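Residue-level listing of the chains:
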Amino acid sequence: MRFVDEFRDRELGRALAAEILSLVEAGRHYKVMEVCGGHTHSIYKYGIDDLLPENVELVHGPGCPVCVIPMGRVDDGIALAKIPGAIFTCFGDMMRVPGSNGSLLDAKAEGADVRMVYSPLDALRIAKKNPDREVIFFALGFETTAPSTALTLRRARAEGVSNFSCPGHVSTVVGARPFEFIPADYGRPVVISGFEPLDILQSVSMILRQLAEGRSEVENQYSRVVPYEGNMTALKVMAEVFELRPHFEWRGLGFISQSALALSEAYADLDAERRFGVPGVRVADPKACQCGEVLKGVIKPWECKVFGTACTPERPIGTCMVSPEGACAAYYSYGRYATEREVV
């Protein structure tokens, strides 16, 4: 299969591993953070970490939108779901994320009409079939889903669907250019990476080569998919439908200025936050949960006190175990917690 099989070639993987070994300095410890949970799962599914030298450590970052959503934002969603007569729609993994008093799945069990959808367009179809009810789509996602949300709102406006709304979005469209501040301000190299095993190995090699040569740049390994300037068509749609929020709270990271999206004034009538109002209360994470430390790369999942015991995919306490892209879910799924604890 094009762009899949050729990026899983064993011999090329061994060659990249040898190249990585040639780039590291003896006695120097390297930490490389993968930001997306899709990378984390590929690393452990294919045993990529076992191909790296002992002094190259992979650290797991924010992961995915579900992982970084704060508990108060979950409570906001549940409050909207409990509006009499409302139909609340969201992606499947979001339904199990714990709020301060249960999840959206719990709200559904208590009588709220919460429905899983695979895309914003599914939610719009529900709104068209139920013109007498308010349909809310929980617009959670990063740059891969933000354009589809924007296009869905455009279609709702064009078709005159007035009973459909969204409570904003959490991130923006990408390309490589938005990351240039990291090497410029912090002197850290960045590589935009694909998700197949050879993508990740090559990206690690590119990071290590930058370090060996004393460079700090943004490089694009995933150029077969990601244009450096981003998707200009998507950016144009996003600029029309969304605007930057002054501040947004992220789990484990706190408030970051202009790091999330809200609906623009032109689409204010489709903004669920303005139409219905949300509590907007800040809620602290459970004391037992250390998702915040995992998201920042301070600890590995197996170092959390409740990992694999009180917190499992069946009964998650934190978002990193709920999301199929979460670091804790990856460790649990591929048995890494057992290996790490035996070493300790």
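It should be noted that the structure appears before, not after, this text.
Residues numbered from 1 in each chain as written. Predicted model: local features only at pLDDT ≥ 70, side-chain atom pairs only at ≥ 80, totals over all residues. Heavy atoms only, no water.

### Some details on the overall build of the chain
So, point 1. Within the chain, the regular secondary structure consists of 15 helices and 12 strands.
So, point 2. The globule rule puts the C-alpha radius of gyration for 344 residues at 20 Å, and the 21 Å found for the chain is close to it.
So, point 3. Referenced to the eigenvectors of the C-alpha coordinate spread, the extents of the chain come out at roughly 65 × 45 × 40 Å.
So, point 4. In the chain, which comprises 344 residues, the share counted as buried stands at 52%.
So, point 5. At a minimum sequence separation of 6, the contacts of the chain that also span at least 24 residues come to 73%.
So, point 6. Surface summary for the chain: the accessible area is close to 16500 Å², and the carbon and sulfur share equals 54%.
So, point 7. Distance between charge centroids for the chain: 4 Å, based on 37 positive and 44 negative side chains. (Helix = DSSP H or I, 4+ residues; strand = E, 2+ residues; numbered from the N terminus. Rg over C-alpha atoms; globule rule 2.2 N^0.38 Å. Buried < 20%, exposed > 50% of the residue type's maximum accessible area, 1.4 Å probe, protein only. Contact = heavy atoms within 4.5 Å. Areas by Shrake-Rupley, 256 points an atom, 1.4 Å probe, with all protein chains shown as cover. Lys, Arg positive; Asp, Glu negative; His and termini not counted. Charge placed at Lys NZ, Arg CZ, Asp CG, Glu CD.)

### Looking at the packing of helix α1 (residues 10-23) against helix α9 (residues 197-212)
So, point 1. One way to put it is that α1 packs onto α9 with a least axis distance of 9 Å and a crossing angle of 20 degrees. By the angle between their directions, the pair α1 and α9 is classed as roughly parallel. The element α1 and its partner α9 pack so that their crossing is left-handed. Listed contacts from α9 to L12, G13, L16, E19, I20 and L23 of α1 are L198, L201, Q202, V204, S205, L208, R209 and A212.
So, point 2. Considered class by class, the residues forming the contact of α1 with α9 number nine nonpolar, three polar and two charged. (Axes fitted to C-alpha atoms, helices over the stretch in contact; angles between N-to-C directions. Parallel < 35°, antiparallel > 145°, perpendicular 65-115°, else oblique. Left-handed = near helix turned anticlockwise from the far one by under 90°. Nonpolar A, V, L, I, M, F, W, Y, C, P; charged D, E, K, R; others polar.)

### A short note on unusual backbone geometry
So, point 1. Unusually for a residue other than glycine, Q258 sits at a positive phi of about 50 degrees.
So, point 2. By secondary structure assignment, the location of Q258 is in the loop between β11 (254-257) and β12 (261-263).
So, point 3. By relative accessible area, Q258 is classed as exposed at 55%.

### Quick look at the nonpolar core
So, point 1. Counting residues in hydrophobic clusters, the biggest one holds 63 residues, and the most contacted among them are F88, C90, M94, L104, V114 and L208.
So, point 2. No other element matches the seven residues that α9 contributes to this core.
So, point 3. With residues near it in sequence (within four places) discarded, V114 still touches A81, F88, C90, M95, L104 and K108.
So, point 4. Ranked by size, the runner-up nonpolar core spans 25 residues in total, among them A123, A156, V241 and L270. (Core = buried A, V, L, I, M, F, W, Y, C linked by side-chain atoms within 4.5 Å.)

### Considerations on the pairing of β11
So, point 1. Sheet topology note: the strand β10 (residues 247-250)/β11 ladder contains four bridges and is antiparallel. Looking across to β11, one finds that H247 is bridged to S257.
So, point 2. Where β10 hands over to β11, the hairpin turn is made up of three residues, of which G252 adopts a positive phi near 80 degrees. (Pairing = 2+ DSSP bridges.)

### Things to note about the state of the cysteines
So, point 1. Counted according to the given criterion, the structure contains zero disulfides.
So, point 2. Unpaired in this structure, C36 has its nearest cysteine sulfur neighbour in C64, at a distance of 7.8 Å.
So, point 3. On the accessibility criterion, C36 (22% relative accessible area) is partly exposed.
So, point 4. Note on C64: no disulfide assigned, nearest cysteine sulfur contributed by C67 at a separation of 3.2 Å.
So, point 5. Overall, C64 belongs to the buried group, its relative accessible area being 3%. (Disulfide = S-S within 2.5 Å.)

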